[in-house]
Amino acid sequence: MIPSTFMALPSSSYSHTLLFSNFLKPNTLTSRKSYASSLNINRDRYPISVVRNSASVSGEPSTSTISDVFGGKKELAGIHSLVDSMSPPVRFASSIIVVAAAISSGYGLGLRFGRTRNAALAGAAAFGLAGGAAAYALNSCVPEVAATNLHNYLAGCDDPKAVKKEDIEGIAKKFGVSKQDQAFNAELCDLYCRFVSSVIPPGSEDLKGNEVETIIEFKRVLGIDDPDAASMHMEIGRRIFRQRLETGDRDADIEQRRKLIYVSTLVFGEASTFLLPWKRVFKVTDAQVEVAIRDNAQRLYAFRLKQVGREVNSEQLMSLRGAQLLYRLSDELAEDMFKEHTRKLIEENISTAVNILKSRTRTSRGPIQVVEELDKILAFNHLLISLSNHPESRHFARGVGPVLLLGGEYDGDRKIDDLKLLYRAYVTDSLSTGRMEETKLAALNQLRNIFGLGKREAERIMLDVASKVYRKRLAQAFSGGELEAADSKAAFLQNLCDELHFDPERASQIHEEIYRQKLQQSVADGELTEDDVAALLRLRVMLCIPQQTVEAAHSDICGTLFEKAVNGAIAAGVDGYDADVKASVRKAAHGLRLTRESAMSIASKAVRRMFMNYIKRARGAGRTESAKELKKMIAFNTLVVTPLVADIKGEPSDPATPEEPIKEESKNQFEQDEEEEEWESLQTLKKTRPDKELAAKLGKPGQTEITLKDDLPERDRKDLYKTYLLFCITGEVTNIPFGAQITTKKDNTEYLLLNQLGEILGLTRKETVDVHRGLAEQAFRQQAEVILADGQLTKARIEQLNEVQKQVGLPQEYAQKVIKNITTTKMAAAIETAVSQGRLSIKQIRELKEAGVNLDSMVSESLRENIFKKTVDEIFSSGTGEFDEVEVYEKITVDLNINADKAKGVVCELARTRLSNSLIQAVALLRQRNRLGVVSSLNDMLACDKAVPSEPLSWEVPEELADLYAIYLKSEAAPEKQSRLQYLLGISDSTAVALREMGDRVLPVGSEEENFVF
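Residues numbered from 1 in each chain as written. Predicted model: local features only at pLDDT ≥ 70, side-chain atom pairs only at ≥ 80, totals over all residues. Heavy atoms only, no water.

### Focus on the overall build of the protein
This is how the line gets drawn: Secondary structure is summarised from DSSP: a helix means a run of H or I of at least four residues, a strand means a run of E of at least two, and numbering begins at the N terminus for each. Buried residues are those whose accessible area, probed at 1.4 Å on protein chains only, stays under 20% of the maximum for their type, while exposed residues exceed 50% and partly exposed ones sit between those limits. For this analysis, residues touch if any pair of their heavy atoms sits within 4.5 Å.
Across its full length, the protein carries 46 helices and four strands. Out of the 1014 residues in the protein, the part that is buried amounts to 43%. The contacts of the protein with a sequence gap of at least 6 include a subset with a gap of at least 24, amounting to 77%.

Written as structure tokens, this is what we have:
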């Protein structure tokens, strides 16, 4: 960031001309300006052309131009020359003599011409004043003369560094002046300002590093105070700003002012914060000051770093640390700069090595030079690591440690290939002797860290190079007989891996590759001879190749050739599998020395792939076309796959069936028959078992070793089997014009093909039985649903269902399950309808449960709760006045299988609601003169009270309550009910006795009251 406050300076090509004027005085002394002017102390100022040698390392002014720093010498004339020639005592005595002589002369002349004493005294006073003025003028020009002598002294010095403080103090002592004298102090400030301006490099020229020490030493020699010196630094800043306004060079102004700020800050140290008001004068922020300090410190530190080479030592690092602290550079920046410098040093070696590698004119020394460059990098890295572990490392420059390429020229994807080439070259050189030394291995690890290569990348390169060396060493040991002569081949190979630091697993892979290459050469003519087998066996023993690896190689290489033969046989089709094809298959199967398992595995893949083609075409067609495709697959299996398997096994085309397999097959068949006795009624399943005549007619059955059991899920295999089973049952359907169809029935041979299809699909006997049973069950269900449409099972319908069962051949057990399922479903629908319509009572529910009907599965819980609510409501409206808790809370809840606590809540809610409604209904019936209705309503109220005991009820017309009680007394109810009703209606005992005595007179009274009320 370039602060906008920094103004431009002239460029470095611009002649660095500084014009000094009278106002170059410290701010603290400006009050004496008028006094100096009144005394005519005006010094000549000269344009100063500062010429410096930018190529000089020390940055010191040259001898030929050093006088131009302070300008030419000044000449003294008149009284100044007189004062210069007088010492302070002589000057003091001369002043006394002049004043005394003037007074004496004035007194004599006044006495002579005035002839009076007063005239003599007046003359003495007048001449004394003139003499005093002359003496004062003589002494007042002493600071100017001292300043001139000081200027001439410095202008005459060839080297400002040679100026001694004693000489400056001698000049001041000679004339009896001090820094309190304005003219002398102004000259000191002027000389200091000239010197500082000459020391700071002009334009964009960088600092040399010794400017601060030079300025501090010169300031000490002059004896100038810090405030005065700081004022000169600020004045230089103002002059730079004015020059920027004149030249318009903003960039040069920024660089020049940054250098001034940095040098000034270092010269005054901590005091610079209040001695140098950059922010107030030049509107420079603290951040901009920090940027100026940081940038110049980095430049100076970078200049010092250039002196550090690959032979860095502890003294240089300590010197760098001191320079860093002197330049006020932070540890973080110093560390980054040191690491960047060391990175650039090794980047030079890397660039050189890469250029050698990529050079078109390669020489024999090219690889050696590359390794030498990489060794330099490793040596430099090792040196830095050792210095970082030095006991005095805390006094070293920051950043000393291992070198990394991170953030440099080679930190990127474009350059990573070059680094990999270099790493490969070093690995190749390390293994050039045929073994990997420990020192080389450690060097490779360091080089990998320096290059920033990943562990896998480095291992891949080492593995690649080491693999080539291992192959070379192995070939030498094999051809030279060392490997064959070794007592332990495994120990010899392991020792070879240890010498190369080579992974034994990778070595095993190389052994396998060698074996495969030899095997490919041996089977080039299509078969393995005895000599080939012996050579391969010897190679296997020499290289310690496991049997499993050998079998895998034979299966892969020989299997490829055998697969071609199998594919050719399969491609020949049903009509093309002739003697030539059989001979080629037998030659490939036995000439390539494949194991029977490997050969069958290869043939199985090809055959199953062909089977899947038939399956795909069958899935995309209709039922009849699908069955035809499956029939083609069965024929393919019988005519092509079966002889192919026999040729692979080496069996004859029409073998005599051995006795033992017959026995084994008979045994298996017997076991299957035992397991499937219950399925004898399935007619379609019976037909899949051929009798002896049909079996002899069809010939040898198809092979069963290659199936689609692992290629298709069980559901898909069952669907395909079911498709062909339906084709066997229904026959072939042919569409003719006018929308008619002709069905051609098939004989039982189709069922034998169905059996072969099940074997091809890999279906077990149980799975095929499930398909047959499912199809029979489906047919039986369709007809049973028609017969049991209303859910009623009569004797006639049972006979009809038995007839259907025999037709489809479904076992009795499964037929009963289907019938039960249908009747249960129909009954569930009827029960649910009756419950929703309110036609199902608790009595009917109990009867259904006694009949074995599972109501819990047929009626939902919410409907069962509604039945309970309806039953309780019927109890509360029955007019009996009874409520049996055992019946309601235990028996009914168990019958309906509902929660007892929930049932009690329902009863409580209904009782409270029904209690008040029964009283209202009783009053309404009383007004209608319905005695039986009144008694029934009062009994309902007592039933609700028995379920949930209630408090006495209130009514607006108490006489109506008395009438209700009087009517209930005549119903001949139980005394406990009358007593409870009296309590509920709130009738006192006296009223109750009176009502019993009144008898039939109650009703007329009630009628009169009713008429009165309405």
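### Focus on helix 9 (residues 211–222)
The line we're drawing: To estimate how far a helix should reach, multiply one less than its number of residues by 1.5 Å.
Under the 1.5 Å per step criterion, the end-to-end length of helix 9 is 16 Å for 12 residues, consistent within 8% with the ideal 16 Å. The first or second residue beyond helix 9 is Gly 223, which carries a positive phi of 75°.

### Quick look at the packing of aromatic side chains
Applied cut-off: Each aromatic pair joins two rings of Phe, Tyr and Trp (for Trp, the six-membered one) with centres within 6.5 Å, and gets the label stacked for planes under 30 degrees apart, edge-to-face for over 60, and tilted for any other angle.
In total, this model carries seven aromatic pairs according to the counting rule given. Ring geometry for Tyr 470 and Phe 502: centres 5.1 Å apart, planes at 25°, overall stacked. Taken as a pair, Tyr 470 in helix 20 (residues 455–480) and Phe 502 in the loop between helix 22 (489–500) and helix 23 (504–522) lie far apart in primary sequence, 32 residues in all. Centroid distance Phe 876 to Phe 883: 5.6 Å. Interplanar angle 25°. Geometry classified as stacked.

### Digging into the packing of helix 17 (residues 366–388) against helix 18 (residues 413–430)
For clarity, the threshold we go by: Fitting a line to C-alpha atoms yields each axis, with helices limited to the stretch in contact; the angle taken between N-to-C directions then spans 0 to 180 degrees. Under this scheme an angle from 65 to 115 degrees is roughly perpendicular, one under 35 degrees roughly parallel, and one over 145 degrees roughly antiparallel; angles in between are oblique. Residues are grouped as follows: nonpolar covers Ala, Val, Leu, Ile, Met, Phe, Trp, Tyr, Cys and Pro; charged covers Asp, Glu, Lys and Arg; every other residue, Gly included, is treated as polar.
Relative orientation of the contacting elements helix 17 and helix 18 amounts to 100°, with a least axis distance of 10 Å. Judged by the inter-axis angle, helix 17 sits roughly perpendicular to helix 18. Across the interface between the two elements, Val 370, Val 371, Leu 374, Asp 375 and Leu 378 of helix 17 pack against Leu 422, Ala 425, Tyr 426 and Asp 429 of helix 18. Of the residues that constitute the contact of helix 17 with helix 18, the class distribution is seven nonpolar, no polar and two charged.

### What to know about the side chain of Ser 264
Here Ser 264 is to be found in helix 11 (residues 250–268). Leaving out residues up to four positions away in the same chain, Ser 264 has contacts with His 233, Ser 272, Leu 276 and Trp 278.

### Some details on the pattern of salt bridges
Here is the rule we go by: Here, a salt bridge means any side-chain nitrogen of Lys or Arg that lies within 4 Å of a carboxyl oxygen of Asp or Glu.
Applying the stated criterion across every chain yields a total of 43 salt bridges. For Glu 563, the salt bridge identified is with Arg 609, shortest N-O distance 3.9 Å. Of this pair, Glu 563 sits in helix 25 (residues 547–576) while Arg 609 sits in helix 27 (residues 596–619), placing them 46 residues apart in sequence. Residue classification places Glu 563 among the partly exposed residues on the basis of a relative accessible area of 31%. Exposure remark for Arg 609: the relative accessible area of 43% places this residue in the partly exposed category. Residue Arg 608 pairs with Asp 711 through a salt bridge whose shortest N-O separation is 2.9 Å. With a gap of 103 residues between them, Arg 608 in helix 27 and Asp 711 in the loop between helix 31 (692–698) and helix 32 (714–730) connect regions that are remote in the sequence. Its relative accessible area of 31% is what places Asp 711 among the partly exposed residues. Taken together, the shared-partner salt bridges connect Arg 435, Glu 437, Arg 473 and Glu 499 into one network.

That is the geometry; function is a separate question.
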